Amino acid sequence: MSLKKKFGKRVKTLREERKLSQAQFGEMVGIEALAVSRIENGENFVRAETLEAIANALCVSYTELFNFEEEKENIENSKTKSILCHLNGLNESGIDFILSVIKAYKNTK
């Protein structure tokens, strides 16, 4: 399998684990949904700027982005990474709010 196809398959796997549509992901990366489709199908490869945006949108390192050996991550690990990715952009008051929600949820169990 070519590098373009392996890379595209990996991007698709990571995008789907984060429950993002191609349109949502494209908006995060700054490309059209059609371009996302072409990358995922191995038809096109990305420029350095797009590669950086993809890694940032998926909250992964370049090493993880090119880790073709492990196609599927542990689901729990994937969910945790997704949560951390969303928390990454919050300010301190947003994080405090999320912590209060988590504590309230834990108290109901």
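Residues numbered from 1 in each chain as written. Predicted model: local features only at pLDDT ≥ 70, side-chain atom pairs only at ≥ 80, totals over all residues. Heavy atoms only, no water.

Remarks on the environment of S61
Here is step 1: Its location among the elements puts S61 in the loop between α4 (48-58) and α5 (62-65).
Here is step 2: Accessibility expressed as a relative area gives 40% for S61, which makes it partly exposed.
Here is step 3: Each C-alpha atom, one on S61 and one on I98, is 25 Å from the other, the two residues being 37 residues apart in sequence.
Here is step 4: A distance of 3.1 Å separates a polar side-chain atom of S61 from the backbone nitrogen of E64. (Helix = DSSP H or I, 4+ residues; strand = E, 2+ residues; numbered from the N terminus. Buried < 20%, exposed > 50% of the residue type's maximum accessible area, 1.4 Å probe, protein only. Polar contact = N/O pair within 3.5 Å; in protein donor to acceptor, adjacent residues only side chain to side chain.)

A few points about unusual backbone geometry
Here is step 1: Even without being glycine, K19 reaches a positive phi, approximately 55°.
Here is step 2: Among the structural elements, K19 can be located in the loop between α1 (3-17) and α2 (22-29).
Here is step 3: The backbone of C59 sits at a positive phi, close to 55°, despite the residue not being glycine.
Here is step 4: Considering the arrangement of structural elements, one finds C59 in the loop between α4 and α5.

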